[in-house]
Structure formats: C-alpha cells, structure tokens
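Each chain is listed here by its residues.
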Amino acid sequence: MTPAAGFASRYRAAVADRGRLCVGIDPHRDLLVQWGLPESADGLARFGDICVEALGPTAAVIKPQVAFFESYGSAGFAALERVITGCRDAGALVLADAKRGDIGSTMAAYARAWLADDSPLCADAVTASPYLGFGSLQPAVSEARDLSRAVIVLARTSNPEGAALQSAQAAGRTVAQSIVDDAAAINADGRATVGVVVGATRAHGLDLQGLRGVILAPGLGAQGATAAELPELFAAADQQWLLPASSRGILGAGPSGSALRAACEAARDEVEAALRAP
Ligand SMILES: O=C(O)c1cc(=O)[nH]c(=O)n1[C@@H]1O[C@H](COP(=O)(O)O)[C@@H](O)[C@H]1O
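Being a predicted model, the structure only gives us computed values, none of them experimental.

Q: Is there a simple way to think about the UniProt feature "domain: Orotidine 5'-phosphate decarboxylase" (unreviewed entry) in the protein in this case?
A: Per the UniProt record, "domain: Orotidine 5'-phosphate decarboxylase" (unreviewed entry) is annotated on residues 20–263. The straight-line gap between the two end C-alpha atoms of residues 20–263 is 14 Å; of that span, 39% is helix and 18% is strand.

Structural data, given as structure tokens:
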C-alpha cells in the first residue's frame, strides 16, 4: 500500500494519536451565560481561551463554528483567530466551520481566507456548500490540495430540512450521492483533499466506499445521535474515515477546563469503543 499523502497523512496521524472525534467550539450565548461569562466579545474571547487550553492538546480535530464569532464583528474575528492559532499550536487539526460556497473568483477569495498560510484565519480545513455546483468549489479544492489541507463538503446534512434537496434524484442517483462521487473522483490521488458531511442523525443511503476522504458526522450529543448508533449508519469499511462531531454535548461540561477535557475524552472513548479499529 502506498503511504498516505497530503491531508490524508495529516488526518491519519491526528486520529491515530488522539482518536476519532471532532469537537465543535460553538459559543452560543446561553453557553456564555452558563459558563458565568458576559454575553460580549470579552466573554467570547474568554470562552475561546478556555476551549483552547482544555481541548487543543486533547481533540484530534477542533471545529470552531464561525457564525458565533462573526456575530461580534471584528472583536469576534480576533477571538476566532486566537482559537484557530491556539488549537493548531497545541497539535489539533482545525476545521473552520464557515460553510462557504460561491462562484469561482469569490470562492478563490474564501479559499485564501480560510486555507492560505499567510491568512490570519488559516485553518487545516474548511466546510463548504456545493449547492452552487460542485465545480464552483474548485479554487478551494486546488488551494487545499497544494497545501495538504481539506475542504469538507455538505452532502447529507444532519438537519431535517436538508432531505428534500439532498435526496432528490438527479441522473439516476441522489444529489447527495453525486456530491460524494465528485469528491471521490478528486480523492483518487490518495490525498483526501475533499471530505463530506453526512449527519449522524439518520440513515443516509449513500455509497461511501470509494470516497477515501473524511466523513464528518455531526449530530452526536445535542442533536440526539449516540456513538452506539454509528455502526448501524456507517459500514465497517467506511469507519476508518469517520469523524463523529459534537459541540454542545461537550461544551456543556464547561467552564472547568478539566471537566471539558474529561467530556472530550469520554466522548472519544465511546466513539472508539463503538467503531471498528482504523
Ligand atoms: O458542517 C457542520 O459541521 C454541520 C453539518 C450538519 O449537517 N449539521 C451540523 O449540525 N453541523 C454543525 O455542527 C455543529 C453541531 O452542533 P451541536 O448540535 O451543538 O453538536 C453546528 O456547528 C452545526 O453548524
């Protein structure tokens, strides 16, 4: 077997070391309150610092939800920059959950913002929406491939509203399957440049076998999915690429750093116990 290259090798090293779990940093306002922090940019920054310290050295992948930072304007972006840099410095892979998607030249600007080395927001991967056409994501795919980073593309999302569009038939397969197939074609080079989002909240009906890229599965915890259900949803052969994700389910353990870390480790151990060894 040829050794993994590109994002594939970085991802495999991270999950081999820390286990298959993506922890989301979603600073909901009610979580700030629950943590005894002010509902302000200062509270947001403190929330981020606590997460970096507790989760940065622990989780394989950390996914800051950009929306919660954006709503505080420039101070929110400053807090996000610190979260991204702090988690990366602590050895975690950072997946910026920005869900970007636009036409080619604008997509290129988004790609630079989230993936280029000289961007203050540079992450290891970014989420993207393919619903302006999978091909419109090409600038981000190229940037990611060149830098051994990844683009994680929405295929079959965890929310109930996604079904009508994503399960619609187009040319003999579902829209979601066509996205998986487009991602698989790019991943034929073994670099795992494109991953897909497949929610852990319901049966997805997808053939993920040829993907050879990360399967981000949000929905653990607050949205009701459990680690024990994962093997019913994802075939054994796909589990090596499976990255279950939880945000509020872990953040609810804060603000104590040791409790947050323990919640992350417990969720990771549950996932690893439920899944086949990679
Ligand atoms: O791209 C995502 O991460 C995502 C895709 C999806 O299908 N469903 C989904 O919940 N998410 C994100 O995952 C996080 C879920 O948060 P919790 O429900 O608190 O675990 C949020 O930041 C969502 O935006």
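On we go.
Q: Which parts of the structure should I look at to understand helix H3 (residues 41–55)?
A: In an α-helix there are 3.6 residues to a turn, and that puts residues three or four apart on one side. The end-to-end C-alpha distance of H3, which contains 15 residues, comes to 21 Å, matching closely the 21 Å that a straight helix rising 1.5 Å per residue would cover. Looking only at H3, the buried set comprises Gly43, Leu44, Ala45, Phe47, Gly48, Ile50, Cys51, Val52, Ala54 and Leu55.

Q: Any chance you could explain the site of the ligand here in plain terms?
A: Close to the ligand lie 17 residues; Asp26, Lys63, Ser158, Gln223 and Arg248 are nearest. Within the side chain of Lys99, a nitrogen or oxygen atom sits 3.1 Å from an oxygen atom of the ligand. Contact distances for the ligand include 2.9 Å between an oxygen atom and a backbone N or O atom of Ser247. Protein contact buries 89% of the 500 Å² of open area that the ligand shows by itself.

Q: Teacher, can you tell me more about helix H9 (residues 175–186) here?
A: Given a rise of 1.5 Å per residue, 12 residues ought to cover 16 Å, and the 17 Å separating the end C-alpha atoms of H9 matches this to within 8%. Judged by how many residues are buried, H9 sits mostly within the fold: nine of 12 residues are covered. Within H9 the residues assigned to the buried category are Val175, Ala176, Gln177, Ser178, Ile179, Val180, Ala183, Ala184 and Ile186. Summarising the contacts, the buried residues of H9 are in contact with helix H7 (138–146), strand E5 (150–156), helix H8 (163–166), strand E6 (169–170), strand E7 (173–174) and strand E8 (194–198).

Q: What is the right way to look at the pattern of salt bridges in this model?
A: Pairing is possible between side chains that carry opposite charge, provided their charged atoms lie close to one another. Per the counting criterion, the structure on display carries 11 salt bridges. A salt bridge links Arg173 to Asp181; the nearest nitrogen and oxygen atoms lie 2.8 Å apart. With a closest N to O distance of 2.7 Å, Arg268 and Asp269 form a salt bridge. A relative accessible area of 42% means that Asp269 is categorised as partly exposed. Connected via shared salt-bridge partners are Arg10, Arg88 and Asp124.

The rules behind each value
- Residues numbered from 1 in each chain as written.
- Predicted model: local features only at pLDDT ≥ 70, side-chain atom pairs only at ≥ 80, totals over all residues.
- Heavy atoms only, no water.
- UniProt positions renumbered as here; feature names shortened; annotations may be inferred.
- Helix = DSSP H or I, 4+ residues; strand = E, 2+ residues; numbered from the N terminus.
- Expected span 1.5 Å × (residues − 1).
- Buried < 20%, exposed > 50% of the residue type's maximum accessible area, 1.4 Å probe, protein only.
- Near = heavy atom within 4 Å.
- Polar contact = N/O pair within 3.5 Å; in protein donor to acceptor, adjacent residues only side chain to side chain.
- Areas by Shrake-Rupley, 256 points an atom, 1.4 Å probe, with all protein chains shown as cover.
- Contact = heavy atoms within 4.5 Å.
- Salt bridge = Lys/Arg side-chain N within 4 Å of Asp/Glu carboxyl O.

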